[in-house]
Amino acid sequence: MAVQQSVGQDPYFPDNGDSRYRVHRYELTLDYRPGPNRLSGTARINAIAGRSPLAEFQLNLADFKIGRVRVDGRQPHYTHRGGRLRVRPAKPLRAGAAFTVEVHWSGNPRPVNSPWGGIGWEELADGALVASQPVGAPSWFPCNDRPADKASYLISVTTPSAYAVVAGGRLLTRTTKASTTTWVYEQSAPTSSYLVGLTIGKYQTVLLGDPGPGGIPQHGHIPAHLLPEFSRDFARQPAMMELFQELFGPYPFDEYAVAVTEEELDVPVEAQGLSLFGSNHVDGARGSERLIAHELAHQWFGNSVSIADWRHIWLNEGFAKYAEWLWSERSGGRTAQQLAAAAHRLLSSQPQDLRLADPGRKAMFDDRLYERGGLAVHAVRCALGDEAFFLMLRSWVRLHRGGAVTTEGFAAHVGRFAREPVEGVFTAWVRGAALPSLPVRGAAAG
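Note that the coordinates shown come from a computational prediction; the quantities given were computed from them, not determined experimentally.

(A) View of the overall build of the protein. Counting secondary structure elements, the protein contains nine helices and 21 strands. For a compact globule of 446 residues, the expected C-alpha radius of gyration is about 22 Å, and the protein comes in at 22 Å, within 12% of that figure. Along the longest, intermediate and shortest principal axes, the C-alpha atoms of the protein span 65 × 55 × 45 Å. Evaluated residue by residue, the protein yields a buried proportion of 59% over its 446 residues. In the protein, once contacts between residues fewer than 6 apart in sequence are set aside, the share between residues at least 24 apart is 70%. For the protein, the exposed surface amounts to about 18000 Å²; the carbon and sulfur share of it is 49%.

(B) Representation of the pattern of salt bridges in the model. Summed over all chains, the structure comprises 24 salt bridges. Here Arg311 makes a salt bridge to Asp309, at a shortest N to O gap of 2.7 Å. Looking at Asp309, the relative accessible area reads 2%, which means it is buried. Salt-bridge contacts for Arg368 lead to Asp366; the nearest nitrogen and oxygen are separated by 3.0 Å. Looking at Asp366, the relative accessible area reads 23%, which means it is partly exposed. Taken together, the shared-partner salt bridges in this structure form one network comprising Arg290, Lys321, Glu324 and Glu371.

(C) Quick look at the sheet that holds strand S6 (residues 84-88). Here three strands make up an open sheet; going across it, the order is S3-S6-S5 and the pairing antiparallel. Strands with a single pairing partner mark the edges of an open sheet, and in this sheet they are strand S3 (57-60) and strand S5 (77-81). Here the average twist between neighbouring strands, direction ignored, is 20°. Judged from the five bridges that link them, S5 and S6 form a sheet pairing that is antiparallel. Counterpart to His80 in the pairing with S6 is Leu85.

(D) Broad picture of the packing of helix H6 (residues 367-384) against helix H7 (residues 386-399). Where H6 meets H7, the closest approach of the two axes is 6 Å, and the angle between their N-to-C directions is 125°. Viewed along their axes, H6 and H7 adopt a mutual orientation that is oblique. Relative to H7, H6 is oriented so that their crossing is right-handed. Taken together, the residues of H7 that come into contact with H6 (itself represented by Val377, Val380, Arg381 and Leu384) are Asp386, Ala388, Phe389, Phe390 and Met392. Class assignment of the residues belonging to the contact of H6 with H7 gives a composition of seven nonpolar, no polar and two charged.

(E) Structural detail: the pairing of strand S11 (residues 164-167). The alternating pattern of S11 places Ala164 and Val166 and Val165 and Ala167 on opposite faces, both of which are buried. Alignment of S11 against strand S14 (residues 198-201), held across four bridges, turns out to be antiparallel. When the sheet's bridge partners are listed, Val165 is paired in S14 with Ile200.

(F) Here's a closer look at the environment of Arg20. Tracing the sequence through the fold places Arg20 in the segment before strand S1 (21-33). For the pair Arg20 and Asp367, spaced 347 residues apart in sequence, the C-alpha to C-alpha distance is 34 Å. Among residues more than four places away in sequence, those in contact with Arg20 are Ala49, Gly50, Leu54, Glu56, Phe57 and Gln58. A polar contact of 2.8 Å, which involves the side chain of Arg20, links it to the side chain of Asp18.

(G) Broad picture of the side chain of Lys150. For Lys150, the location among the structural elements is in the loop between strand S9 (127-131) and strand S10 (151-160). Among buried Asp, Glu, Lys and Arg side chains, Lys150 stands out as unpaired, with Asp149 the closest opposite charge at 10 Å. Within polar-contact distance, the side chain of Lys150 engages the backbone oxygen of Ser304 at 2.9 Å. Separated by 2.8 Å, the side chains of Lys150 and Ser306 make a polar contact. When near neighbours in sequence (up to four residues on either side) are disregarded, Lys150 contacts Val23, Pro190, Thr191, Ser192, Asn303, Ser304, Ser306, Gly402 and Gly403.

(H) Structural context of the packing of aromatic side chains. Taken as a whole and judged by the stated rule, the model has 29 aromatic pairs. Between the aromatic rings of Phe389 and Phe390, the centroid separation amounts to 4.9 Å while the plane-to-plane angle is 75°, which identifies the pairing as edge-to-face. In this pair, the class of Phe389 matches that of Phe390, namely buried. The rings of Phe244, Phe248, Tyr251, Phe253, Tyr256, Trp300, Phe301, Trp314, Phe319, Trp396, Phe410 and Phe426 are connected pair by pair, giving a single aromatic cluster. When the ring centre of Tyr163 is taken as reference, the NZ or CZ atom of Lys202 above it lies at 5.2 Å.

(I) Region of the structure containing unusual backbone geometry. In the segment running from Gln133 into Pro134, the intervening peptide bond is cis, with an omega of 0°. Looking at where Pro134 falls in the secondary structure, it is placed in the loop between S9 and S10. Of note, Asn37 is a non-glycine position whose phi angle comes to about 55°, a positive value. Locating Asn37 in the fold gives a position in the loop between S1 and strand S2 (38-49).

(J) Broad picture of the sheet that holds S14. Pairing in this open sheet of four strands is antiparallel, and the strands run S8-S9-S14-S11 from one edge to the other. Of all the strands in the sheet, the pair left with one neighbour each is strand S8 (120-124) and S11. Recorded for the sheet is a direction-independent mean angle of 20° between the axes of neighbouring strands. Note that S8 and S9 share five bridges and pair antiparallel. Among the inter-strand pairings, Leu124 is bridged to a residue of S9, identified as Gly127.

(K) View of H6. Between its terminal C-alpha atoms H6 stretches 26 Å, which fits the 26 Å expected from 18 residues at 1.5 Å a residue. Burial runs high along H6: 16 of the 18 residues are buried. Capping the start of H6, Asp366 holds a side-chain oxygen 2.8 Å from the backbone nitrogen of Arg368, two or three residues further along. Note on H6: the residue one or two positions beyond its end, Gly385, has a positive phi of about 85°.

Rules used in this analysis
Residues numbered from 1 in each chain as written. Predicted model: local features only at pLDDT ≥ 70, side-chain atom pairs only at ≥ 80, totals over all residues. Heavy atoms only, no water. Helix = DSSP H or I, 4+ residues; strand = E, 2+ residues; numbered from the N terminus. Rg over C-alpha atoms; globule rule 2.2 N^0.38 Å. Buried < 20%, exposed > 50% of the residue type's maximum accessible area, 1.4 Å probe, protein only. Contact = heavy atoms within 4.5 Å. Areas by Shrake-Rupley, 256 points an atom, 1.4 Å probe, with all protein chains shown as cover. Salt bridge = Lys/Arg side-chain N within 4 Å of Asp/Glu carboxyl O. Pairing = 2+ DSSP bridges. Axes fitted to C-alpha atoms, helices over the stretch in contact; angles between N-to-C directions. Parallel < 35°, antiparallel > 145°, perpendicular 65-115°, else oblique. Left-handed = near helix turned anticlockwise from the far one by under 90°. Nonpolar A, V, L, I, M, F, W, Y, C, P; charged D, E, K, R; others polar. Polar contact = N/O pair within 3.5 Å; in protein donor to acceptor, adjacent residues only side chain to side chain. Lys, Arg positive; Asp, Glu negative; His and termini not counted. Phe/Tyr/Trp six-rings, centres within 6.5 Å; stacked < 30°, edge-to-face > 60°. Lys NZ or Arg CZ within 6 Å of the ring centre and 35° of its normal. Expected span 1.5 Å × (residues − 1).

Pasting the structure below:
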């Protein structure tokens, strides 16, 4: 695993995360009551100090009541305001020292404010879901909220037995006592805090396809009345899994789950090992199939291979967009070249002031970033040819599995697979703002 960590704070979200230490494991014990929307929790956070002694550090946590805080079992001094829990241990932590933080908190979880409205923990009419990208994780647990700080998770959730709890990772146990059930999930792969997914609702669980020996279990969690439509809409997801493993390399996690809420969502939400869809994405006519491919592709691009900071978000979204085109091409729909041409026509009619390499916080979820990101990946494919392109992709995913990457690192990686310099591709498509001419696959691309 090669990890490229960003230096200092994320320039788009300087108040989130603390680069002076890193977390390697979170153990979260939660109790949630849907009626009053009441959450209480304990977090045990195992971390390692950075290269300098740690006299104080911070976690991100929304406006909850703090019950207690401990560092290596001792009471520190702490303050909690403005979404930041600042902790000063009784004595400074040595450089490189392992330490444990314990936090107890309770309150009514709600989305945190962001430039895109409220994000994070969302109370539904009958349940809850978490949609944390990019800075919503502190809406429900204390964390070092920066995408490059990836850790394993053990999550225990107790809730009334009428509800199912779905989280990314492997379900270890489900234990019912009286009127409540406790669900325990393990996500052993390194996970960014914003990618810790969770939904609580009244779901029926189905198996998608037959994974066979050594295959990837794929489960769907849906309201029972949507099962007929879901069965048609998601029928081809196992074929997508097969294709993406062929093109990108082995699926990077133990399992994959999709959940459909009773309510509508503007867009689906990817989490690590889990994607969340709204009831509006289930129509029985495969109307959202490209989004199913998009969210699945994020398991490789964004989740397993994460970004060092949010300036590099096109490495998540450009690849997921291009995976939509690859699925279409390989499943009998329009080719990637045809879809690239359509995206190019769309972008040519819009302002050309967005740079993929550093789009700025306001534009990180602009539709143009997705389309231009897909086109940039297509331009790389055209420059390399298919054989070298897919070899390059599989190598990228393998080398950086569980790690965090940058645009500069990707450009250097692509260069190692090119017969001719590809700097011009990155200058035009990634660092520049003007729209280059449509890249076309030539004879070398097959």
